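Chain residues, written in single-letter form:
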Amino acid sequence: MLLEVLLIIPLVIAVLSYSIKNRALVQWMMVAGGASSFVIAVLLGLEVWSDGPYEHSIWYVDQLSVYMLCIITFVALMVATYSVSYIRHDHEEKEIGTRQLKMYHIFVQIFLFTMLVVVSSNNMGIMWIAIEGTTLASAFLVGFYEKDTSIEAAWKYIIICSVGITLALFGTIITYASSTEVLGESSDALNWTKLRDAAPLLEPTFLKIAFIFIVIGYGTKVGLVPMHTWLPDAHSQAPSPVSALMSGVLLNCAFYGIIRYYIISEIRVPGFAPDLMLIFGLLSLFVAAFFILISRDFKRMLAYSSVEHMGIISLGFGIGGPLGIFGAMFHMLNHSLTKTLMFLCTGNVVQKYNTREIGEVRGMATVMPITAALFLLGALAITGSPPFGPFLSEIVIMQAGLSYGRYIVTTVYVLLLVVVFAGFMYHVSRMVFGEPTEGVTRGEIHKLSLVPMTILLSTILVIGIFMPEELTNILREVAKVVPGSG
Amino acid sequence: MSSEIFVDAINGLGAVVLLTSIFLVASKRMVSFVRTFAVQSLALGLFAAIVAYHMGADHIYIVAVLTIALKALIIPTFLTRTIERIHVKREIEPLVGVPMSLLICGGLAFVGYYVSEPIIAGGNAITKNCFAISLAVVLIGLFLMISRKKAMTEIIAILVIENGLFLGAISIAYGMPLIVEIGIFFDVLGAVLIMGIYAFKINQTFETLDTSFMRRLRD
């Protein structure tokens, strides 16, 4: 029952946003919807924790799904709160018209709906449809400003992701073909629970081929190198709250698709999937580190940082074992929270300075001290400095690498992290310190936006310093969904 | 009907799907490009219908009807309208010349057969031959994607890849579950509509449909 309510909320809000004229009301409705979704996701989590996985017709919600649902709804709540002032500012500055304002609210809600479906459907085919749905729902949001660059980004986004996702469909078809030979031609032969139970009987060659296509297909959406080319364009052109949603939770959703197949593949052909993830992970880290060093546009820099972090998560799954998977799952949470904070900060910077060039932003500390402080601390967090959450998860993955004897991989991983840290700090310090850029008035751009940003920073700080016992237990339960990690 | 006629019909329609893909590569005019795609979808729909009749599987009939309605009628009409509304040069200027492209397609068809060998080796279903064709069609679609740089040709290339996968799904698993198939159709329709709208915007902004002009975003 709870799940159905959770799925209906964004749809209801989308319909209401279409019909209600009063824009302020729609914006606060978005916040209220976000808050109630988060509460419901937590309640659903408690239910799953006490009664075990929830399974009903095409829905299946286990610990992993609930974990993702909570992350999505929390980030969505933060983004909704931030959007209130951000979008109003754009509208007042005549950047966008009333029609676009309306479209923004409708598409953000549909986008949320598709992401919620991705992580709660049992049927792998429906999951595929929902992941393709996220592309369609967010395409308009990427091209939101209707400038030549945003149209270019939206076109690349929709074409590259659609091609990628058709390859994932091929992987799904092959999986289905192998499962019908075991389960017969029933409509639930694509259900993840059935596939998991039948996994020991499935044809290994089929599973291997399928997993390759799945990693390439969903990996396009995750932004793994070399399928990442759309990502810096789309994430830099979209409005900042949308970038936050795309980087913070959309990438996780696509990763979720890979994890489900990873589990099936691990049951039948252990060792095959991790090796593949290890290669993609290292490659992503390497390329992202290079592009972070040479970046000139701070939103692109953050987009490449997302590629880097997806690489780290992929590496965690590649190393595998209880520690590696624990670390990867933990890093998903930390990355979501921190990257959302960072993109929300850049929203304030873009609206204040009217540029995305790193070289043209100077003296943030004098112009808007609170945003500058949040931005600087967020940058420290995203590069894995103590005492923030991402530091812990990156250390866990390093520890996993060392304890399973992957010394070379771990060394390369740590070296690349250092390179990313240096590059990031160089760019960020240029933006935060120094004499303010001429012609920029002092003062925070909108006070309300500071609330979600502060909440996000305190969350990663609490995770980093105290690491609540409950969270460790939750993560351990989540990691147990993957075989070989119990 | 005896099963031999079925095998002939199924293989024949599979061949039509492959041939139309090759015609697409050779095509130089936008309108004939869209028409060839419509013919390919029609062949695919009939293919599904014959399989449905042979297997006695009712849900494939629905899929067949949807394929013909959507991919052979609605989408081509929408694309032709968009082309007419945009009024740009209708010729396709390929990055790779037609003779070379045809040669590459021959190679891709061969790769399709070679790769599918281990997958179809174990099975004995009558449609398994078409799995090789489906792989070839997917590869030709990917080739179209990278070698033709008009927004409209990129849309069709995605649809061709989708057609190839659809053929593959029927060949090795007699189609996906119905609810999934319908969802996929819904997605394809949505994707084509959005891409059509963007093709229109690209034409407005860049005054061309040539996507290789879009090079403003780089590091």
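Scroll up for the structure.
Cut-offs used in this document
- Residues numbered from 1 in each chain as written.
- Chains lettered and ligands numbered in written order.
- Predicted model: local features only at pLDDT ≥ 70, side-chain atom pairs only at ≥ 80, totals over all residues.
- Heavy atoms only, no water.
- Helix = DSSP H or I, 4+ residues; strand = E, 2+ residues; numbered from the N terminus.
- Buried < 20%, exposed > 50% of the residue type's maximum accessible area, 1.4 Å probe, protein only.
- Contact = heavy atoms within 4.5 Å.
- Areas by Shrake-Rupley, 256 points an atom, 1.4 Å probe, with all protein chains shown as cover.
- Lys, Arg positive; Asp, Glu negative; His and termini not counted.
- Salt bridge = Lys/Arg side-chain N within 4 Å of Asp/Glu carboxyl O.
- Phe/Tyr/Trp six-rings, centres within 6.5 Å; stacked < 30°, edge-to-face > 60°.
- Polar contact = N/O pair within 3.5 Å; in protein donor to acceptor, adjacent residues only side chain to side chain.
- Buried area = accessible area lost by both parts, 1.4 Å probe.
- Axes fitted to C-alpha atoms, helices over the stretch in contact; angles between N-to-C directions.
- Parallel < 35°, antiparallel > 145°, perpendicular 65-115°, else oblique.
- Nonpolar A, V, L, I, M, F, W, Y, C, P; charged D, E, K, R; others polar.
- Core = buried A, V, L, I, M, F, W, Y, C linked by side-chain atoms within 4.5 Å.

With that settled, the discussion passes to the overall build of chain B. From N to C terminus, chain B includes 7 helices and 0 strands. Secondary structure elements of chain B, listed N to C terminal, follow the sequence α-α-α-α-α-α-α. Considering chain B as a whole, with its 219 residues, one finds that 56% of them fall into the buried category. Restricting the contact set of chain B to residue pairs at least 6 apart, pairs at least 24 apart contribute 77%. As displayed, chain B has an accessible area near 9,300 Å², and 66% of this comes from carbon and sulfur atoms.

All names here are of chain A. Structurally, the position occupied by E394 is in helix α16 (residues 389-403). Although buried, E394 forms no salt bridge, and the nearest oppositely charged side chain, K339, lies 9.6 Å from it. Discounting chain neighbours no more than four positions away, the residues touching E394 are H309, I312, H331, I382, T383, G384, Y413 and L417.

This part takes up the pattern of salt bridges. All names here are of chain A. Under the definition given, this model contains 10 salt bridges over all chains. In this structure, D233 and K156 form a salt bridge, with 3.3 Å as the shortest nitrogen-oxygen distance. Within this pair, whereas D233 is found in helix α9 (residues 230-237), its partner K156 is found in helix α6 (residues 148-183), the two being separated by 77 residues in sequence. Judged by its relative accessible area of 3%, D233 falls in the buried class. D297 is the salt-bridge partner of R356, the closest N and O atoms lying 3.2 Å from each other.

Before going further, it helps to examine the packing of aromatic side chains. Residues and elements named next belong to chain A. Taken as a whole, this structure holds 17 aromatic pairs over all chains when the rule is applied. A centroid spacing of 5.9 Å and a plane angle of 35° characterise the contact between Y60 and W192, whose relative ring orientation is tilted. On the criterion of sequence distance, the pair formed by Y60 in strand β2 (residues 59-61) and W192 in helix α7 (residues 192-198) is long-range, its members being 132 residues apart. Its relative accessible area of 5% is what places Y60 among the buried residues. On the basis of relative accessible area, W192 is assigned to the buried category, the value being 2%. Each ring, one from F291 and one from Y304, has its centre 4.7 Å from the other, and the planes form 10°; the classification is stacked.

Residue and element names in this part refer to chain A. Its location among the elements puts S314 in helix α12 (residues 298-319). Taking the C-alpha atoms as reference points, S314 and S150, separated by 164 residues in sequence, lie 29 Å from one another. Every residue in contact with S314, bar those within four places of it in the chain, is listed here: L224, F255, M277, L278, F280 and G281. A distance of 2.9 Å separates the side chain of S314 from the backbone oxygen of M277, its partner in a polar contact.

Residues and elements named next belong to chain A. With respect to the helices and strands, the residue M246 is situated in helix α10 (residues 240-268). Judged by relative accessible area, which is 0%, M246 ranks as buried. Distance in space between the C-alpha atoms of M246 and A139 is 11 Å, their sequence separation being 107 residues. If we ignore the near neighbours within four places in the chain, the residues touching M246 are F111, V142, Y157, W230, A234, H235, A238 and L251.

What follows concerns the interface of chain A and chain B. As a measure of interface size, the accessible area lost when the parts come together is often cited. Contacts between the two partners involve 44 residues from chain A, matched on the other side by 43 residues from chain B. Interface of chain A and chain B: buried area, both sides summed, is about 4,000 Å²; carbon and sulfur atoms make up 76% of it. Three residues stand out in chain A for area buried against chain B, namely A:I151, A:E152 and A:W155, and they jointly supply 18% of the buried area on that side. Taken together, the links from chain A to chain B amount to 3 residue pairs in polar contact (both at pLDDT 80 or more).

Right, let's get into the packing of helix α1 (residues 2-19) of chain A against helix α2 (residues 23-51) of chain A. Residue and element names in this part refer to chain A. Closest axis-to-axis distance for the α1/α2 pair is 9 Å, and the angle between their directions is 175°. In terms of orientation, α1 lies roughly antiparallel with respect to α2. Only R23, V26, M29, G33, S36, S37, I40, A41, L43, L44 and E47 of α2 make contact with α1, whose side of the interface consists of L2, L3, V5, L6, I9, I13, L16 and S17. Along the lines of polarity and charge, the residues of the contact of α1 with α2 split into 13 nonpolar, 4 polar and 2 charged.

Let us look at the nonpolar core. Judged by nonpolar contacts, the single largest core of 272 residues is most densely connected at A:Y218, A:M246, A:F317 and A:F424. Looking at this core, the element that brings in the most residues is helix α3 (residues 63-92) of chain A, giving 19 residues.

This part covers the side chain of A:T149. Examined against the element boundaries, A:T149 turns out to sit in helix α6. Classification of A:T149 as buried rests on a relative accessible area of 17%. Leaving out residues up to four positions away in the same chain, A:T149 has contacts with A:Q237, B:R216 and B:L217.

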